[in-house]
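Examining the three-dimensional arrangement
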Amino acid sequence: MKILVLNGPNLNLLGLREPALYGHTDYASLCARLQAAAEEAGVSLTIRQSNHEGELVDLIGAAYGQVDGIIFNPAAYTHTSIALLDALKAVAIPTVEVHLTDPDQREDFRHTSYIRKACCKTIKGRGVQGYLDALDWLIHYLPTS
Ligand code: DQA
């Protein structure tokens, strides 16, 4: 099983970035924890982060036929990007939307998620654990081939 983890803008600044909201775990540690969990489960994991909407669109397009599932935290693009929604719909790869915080409990402008319509599951407000939960969920949800 192959899974792509995609992270949007400013998630590379985890640890430094508003730790009261996003926690003290830095981005490298998040990636290491995910890779360790994937290895234990026998899953091949690719992790990518970009601050650029178009690059995220390209990464989703390039994932077609290459991965079985996507774990996606589009960060601020969650609330603005029809292009990311369309990319996910185009490739139709089972995708779990993940957020460290719960955007629905924050400012009004974070209450809309465009990509949610193309996702089979949303996990929010569980910090780094949310990514691990998404991995578990995909492992159980995806048919084995
Ligand atoms: C976030 C929530 C978004 O509203 C915010 O713009 C982010 C991170 C989260 O993981 O909680 O950058 O996606």
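On a predicted model such as this, the values are computed, not experimentally measured, just so you know.

**Quick notes on the overall build of the protein**
Within the protein, the regular secondary structure consists of 5 helices and 5 strands. Its C-alpha atoms give the protein a radius of gyration of 14 Å, near enough to 15 Å, the size a compact globule of 145 residues would have. Expressed along its principal axes, the backbone C-alpha trace of the protein runs to roughly 40 × 30 × 25 Å. A total of 145 residues make up the protein; the buried ones form 32% of that total. Partitioning the intrachain contacts of the protein with sequence separation of at least 6 by distance along the chain shows that 75% fall at a separation of at least 24.

**Remarks on the sheet that holds strand β5 (residues 121-124)**
Reading across the sheet, the 5 strands line up as β2-β1-β3-β4-β5 and stay open at both edges, with parallel pairing between neighbours. Looking along the sheet, the strands with just one partner apiece sit at the ends: β2 (44-49) and β5. Recorded for the sheet is a direction-independent mean angle of 20° between the axes of neighbouring strands. With 3 bridges connecting them, strand β3 (residues 69-73) and strand β4 (residues 95-99) associate as parallel partners. Bridged to I70 within β4 is T95. Relative to the sheet, helix α2 (residues 27-41) contacts β1 (2-7) and β2, its axis offset from that of β2 by approximately 165°.

**Focus: the confidence of the model for the protein**
Overall, the predicted model of the protein reaches an average pLDDT of 97, with 99% of residues at or above 70. Note on the complex model: pTM 0.97, ipTM 0.99.

**Re the packing of α2 against helix α5 (residues 129-141)**
It is at 10 Å that the axes of α2 and α5 come closest, and there the two elements cross at 25°. Classified by the interaxial angle, the pair formed by α2 and α5 is roughly parallel. Between α2 and α5 the crossing geometry is right-handed. Residue-level contacts link L30, R33, L34, A37, A38 and A41 of α2 to Y131, L132, L135 and I139 of α5.

Scoring rules and cut-offs
- Residues numbered from 1 in each chain as written.
- Predicted model: local features only at pLDDT ≥ 70, side-chain atom pairs only at ≥ 80, totals over all residues.
- Helix = DSSP H or I, 4+ residues; strand = E, 2+ residues; numbered from the N terminus.
- Rg over C-alpha atoms; globule rule 2.2 N^0.38 Å.
- Buried ≥ 20, exposed ≤ 12 C-beta atoms within 10 Å, placed from the backbone.
- Contact = placed C-beta atoms within 7 Å.
- Pairing = 2+ DSSP bridges.
- Axes fitted to C-alpha atoms, helices over the stretch in contact; angles between N-to-C directions.
- pLDDT = per-residue confidence, 0-100.
- Parallel < 35°, antiparallel > 145°, perpendicular 65-115°, else oblique.
- Left-handed = near helix turned anticlockwise from the far one by under 90°.

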